[in-house]
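Residues per chain, in single letters:
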Amino acid sequence: MDERTRRRNRNFLFGLLGLAFGMVGLAYASVPLYSLFCQVTGFGGTTQRAEKAPDTVLDRTVTVRFNADVNAGLPWVFRPNQREVTAKLGETVLVSYHAENRGKEPLTGTAVFNVTPEKTGAYFNKIECFCFTEQVLNPGEAVDMPVAFFVDPAIVNDRDAEDVKTITLSYTFFRAKTGAASSTKERTAARPGETGATN
């Protein structure tokens, strides 16, 4: 094999390795890019996050229903304190969900969420939500967790959403991968003297 052939084979090998590394890098990057895409567009019923409600409130209303589920790996009771509310478009609404740890050890939960119909995800904005942070509950501890939201009045300009009368906000709690014990210590240190309500 002459030098020219060896050089060509070596360049081909380096090209294949570069392609392989590029594909691995793209796979890792695709998850946050997909999440960002969902957050911006509301794709898949992904809700939006807002700092404050809009200045405009319309007389048109929409019914918002609330759903709660818990993954089998998390021994919590989790339910909405209200089954549904009727809200004006642009109006800030405050509701809450109830969670209780029925397990025998401190547990950290994290919530995933979406809205249906999926086309309303781009207009459903949360100002405050327990889903933004992991939740830590001690054995027997119960807590009511607030959710503040509004439905963007811009939804009236979307012809695809003209038929929307009801939106369902759904949460599912999963057991978080982080250590519950360390999270409990951090929470206690951050909020000295506070005790959780228990049933």
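K.L.:
Please explain the overall build of the protein as it appears in this structure.
P.N.:
From N to C terminus, the protein includes two helices and 11 strands. Counted from the first residue to the last, the protein has its helices and strands arranged as α-β-β-β-β-β-β-β-β-β-β-α-β. With 199 residues in all, the protein has 35% of them scored as buried. Taking all contacts inside the protein whose residues are at least 6 apart in sequence as the whole, residues at least 24 apart take part in 78%.

K.L.:
Would you take a moment to explain the state of the cysteines for this structure?
P.N.:
Two cysteines joined by a covalent bond between their sulfur atoms form a disulfide. As enumerated under the stated definition, the model contains one disulfide in all. Across the disulfide from C129 sits C131; the S-S distance is 2.3 Å. With the S-S dihedral at roughly 130°, the linkage between C129 and C131 falls on the right-handed side. For the pair shown, C129 and C131 are each scored as buried.

K.L.:
What exactly am I supposed to notice about the packing of aromatic side chains here?
P.N.:
How two aromatic rings sit relative to each other is set out by the distance from centre to centre and by the angle between their planes. One pass over the structure, following the stated rule, counts 12 aromatic pairs. Ring centres of F66 and F149 lie 6.1 Å apart, and the angle between their planes is 65°; this geometry places the pair in the edge-to-face category. With F66 in strand β2 (residues 61-70) and F149 in strand β9 (residues 141-151), this residue pair connects regions lying 83 residues apart in the sequence. Comparing F66 with F149, the two get one shared label, buried. Measuring from centroid to centroid gives 5.1 Å for W76 and F173, while their planes differ by 55°, and the two rings are tilted. A residue pair is termed long-range when its members are at least 10 positions apart, and W76 in strand β3 (residues 76-80) and F173 in strand β10 (residues 166-175) qualify at 97 residues. In this structure F173 comes out as buried when scored by relative accessible area, which is 0%. Through a chain of ring-to-ring contacts, the aromatic side chains of F66, W76, F78, Y97, F113, F124, F130, F149, Y171 and F173 assemble into a single cluster.

K.L.:
Explanation requested: the sheet that holds strand β8 (residues 135-137) in the structure shown.
P.N.:
Note: strands within a sheet are paired through backbone hydrogen bonds, in either parallel or antiparallel orientation. One open sheet holds the five strands; their spatial order is β4-β2-β10-β6-β8, and the pairing between them is mixed. Looking at strand neighbours, the two that pair on one side only are β4 (84-88) and β8, the edges of this open sheet. Between one strand and the next, the sheet's axes are offset by a mean angle of 30°, whatever the strand orientation. Both β2 and β4 contribute to a ladder of five bridges, which runs antiparallel. In the sheet register, V64 faces β4, and the bridge partner there is V85.

K.L.:
Just checking my understanding: could you explain empty space enclosed by the protein for this structure?
P.N.:
Summary: where empty space remains is shown by rolling a probe the size of a single water molecule over the atoms. As enumerated under the stated definition, the model contains one cavity of 30 Å³ or more in all. Each pocket or cavity is described by its volume, and for the largest cavity that value is around 30 Å³. Around the largest cavity, the lining residues are R60, V62, L89, V151, I155, V164 and I167. Its residues assigned to classes, the lining of the largest cavity comprises six nonpolar, no polar and one charged.

K.L.:
Would you mind going over the pattern of salt bridges with me for this structure?
P.N.:
In a structure, side chains of opposite charge can pair up when their charged atoms sit close to one another. Throughout the structure, instances matching the rule amount to five salt bridges. Across the pair D59 and K88 runs a salt bridge, and its minimum N-O distance is 3.9 Å. Taken as a pair, D59 in the loop between β1 (48-49) and β2 and K88 in strand β4 lie far apart in primary sequence, 29 residues in all. For the salt bridge of E84 with R65, the shortest nitrogen-to-oxygen distance reads 3.3 Å. Taken together, the positions of E84 in strand β4 and R65 in strand β2 put the pair 19 residues apart, joining distant regions of the chain. On the basis of relative accessible area, E84 is assigned to the partly exposed category, the value being 43%. Since its relative accessible area comes to 41%, R65 is described here as partly exposed.

K.L.:
Please explain the nonpolar core as it appears in this structure.
P.N.:
Soluble, globular proteins show a tendency: their nonpolar side chains are buried together. Core analysis: the largest hydrophobic core is formed by 34 residues, its most contacted members being F78, Y97, F130, V147, F149 and Y171. Broken down by secondary-structure element, the contributors of at least two residues to this core are β2, β3, β4, β5 (93-101), β6 (107-116), β7 (124-129), β9 and β10.

Reading guide: rules and limits
- Residues numbered from 1 in each chain as written.
- Predicted model: local features only at pLDDT ≥ 70, side-chain atom pairs only at ≥ 80, totals over all residues.
- Heavy atoms only, no water.
- Helix = DSSP H or I, 4+ residues; strand = E, 2+ residues; numbered from the N terminus.
- Buried < 20%, exposed > 50% of the residue type's maximum accessible area, 1.4 Å probe, protein only.
- Contact = heavy atoms within 4.5 Å.
- Disulfide = S-S within 2.5 Å.
- Phe/Tyr/Trp six-rings, centres within 6.5 Å; stacked < 30°, edge-to-face > 60°.
- Pairing = 2+ DSSP bridges.
- Axes fitted to C-alpha atoms, helices over the stretch in contact; angles between N-to-C directions.
- 1 Å grid on protein atoms, 1.4 Å probe; cavity = no way out; pocket = protein on both sides within 12 Å on 5 of 7 lines; lining within 4 Å.
- Points joined across faces, edges and corners; volume = space filled by probe spheres on them.
- Nonpolar A, V, L, I, M, F, W, Y, C, P; charged D, E, K, R; others polar.
- Salt bridge = Lys/Arg side-chain N within 4 Å of Asp/Glu carboxyl O.
- Core = buried A, V, L, I, M, F, W, Y, C linked by side-chain atoms within 4.5 Å.

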